[in-house]
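Take a look at the letters that make up each chain.
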Amino acid sequence: MTENKQLIWEARGRTIVGGDGRPKVMGIVNLTPDSFSDGGQFTGLEQAKAHALELLAEGADLLDLGGESSRPGAEIVPLDEELRRLIPSLEAITEAVDAPISIDTVKAEVARRALALGASVVNDITALSGDPEMVKVVAESGAGVVLMHMAGTPQTMQIDPRYGNVVEEVRDYLARRIDWVEARGIPRSRIAIDPGIGFGKTGEHNRTLLRNLPRFATLGCVVLIGTSRKRFLGSLTNRPMTERLMASIVSSLAALVSGARVVRVHDVGPMVDAVRVWDALRGWNQLP
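Basis of the calculations
Residues numbered from 1 in each chain as written. Predicted model: local features only at pLDDT ≥ 70, side-chain atom pairs only at ≥ 80, totals over all residues. Heavy atoms only, no water. Helix = DSSP H or I, 4+ residues; strand = E, 2+ residues; numbered from the N terminus. Expected span 1.5 Å × (residues − 1). Contact = heavy atoms within 4.5 Å. Polar contact = N/O pair within 3.5 Å; in protein donor to acceptor, adjacent residues only side chain to side chain. Pairing = 2+ DSSP bridges. Axes fitted to C-alpha atoms, helices over the stretch in contact; angles between N-to-C directions.

Here's the deal with helix α5 (residues 166-182)
Right, on to step 1. Helix length check: α5 (17 residues) gives 24 Å between terminal C-alpha atoms against 24 Å at 1.5 Å per residue, within 8%.
Right, on to step 2. The secondary structure elements touched by the buried residues of α5 are β7 (144-148), β8 (191-194), α6 (203-211) and α7 (213-217).

Given below as structure tokens:
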């Protein structure tokens, strides 16, 4: 379970994840009207800024801002609209804080504009395969990147997803993307990988991936996991999205214990508490 403890994740001169084994909490700031969990709540500049500051005050190590929903069935957002949603709030947040900021986008121009304003990481659900300019933008900027696995697109990914061996197929895909990205000037120290829980997977696929996270830790990159409030947790608990806090925290903590180093969550305060309690009782350098 401990293969990835000494891995680091760097971005534009920052160390996002160090070699001390301490996990990091990424707080979600959705700037979309249609995200599955909190769409429409933080679309105004002041609301977005206040939410970002609140997450940082609760202990978030970095923020993930997004202007295009990737929920199942989400519509593609035009470039101008994504920029309109993202850029004003990003400017306000970067002027107010010096925390690492990740941009959740598949568009190179959005990434370019965001990085120019001080963002540090590009979180790309296509693993830099969607926009041919994206790898160049990331490589030349020195940014960190999150490479995620997704079967299909947000419009198609949950239409009967099938795998022969979900762990090996997702792992092999990420291994190929790491090699491809590294060959184009982005070292592994700037790459995090995400198996893509809920992105073209059934509930059993998601559970199998989470049970086998040590397989992903052997790829030489920090592992990031996002289970927060997702549908498979509702299937396990029979709880609606608004009542999945406990399931989100438990699944995220289990991922960290199994080898993930970053968890992407909506509810930062409770997640930070869980990390601190585990640290006090068991520690992150003495996992079984």
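So, the side chain of serine 248
Right, on to step 1. With respect to the element layout, serine 248 can be found in helix α9 (residues 245-257).
Right, on to step 2. A distance of 2.7 Å separates the side chain of serine 248 from the backbone oxygen of arginine 244, its partner in a polar contact.
Right, on to step 3. Apart from the residues lying within four places of it in its own chain, the contact partners of serine 248 are Thr227, Ser228, Arg229 and Leu233.

Some points on the sheet that holds strand β6 (residues 121-124)
Right, on to step 1. Judged by pairing direction, the barrel is parallel, and its eight strands sit side by side in the order β3-β4-β5-β6-β7-β8-β9-β10 before closing back on the first. Across the sheet, the mean angle from the axis of one strand to that of its neighbour is 25°, orientation sign disregarded.
Right, on to step 2. Two strands pair when backbone bridges link them, and β7 and β8 are joined in this way by four bridges, in the parallel orientation. What sits directly across from leucine 147, in β8, is isoleucine 193.
Right, on to step 3. Helix α10 (residues 268-281) rests against β3 (24-30) and β10 (262-265) of the sheet, and its axis sits at about 175° to β3.

As far as function goes, none of this settles anything; it's purely spatial.
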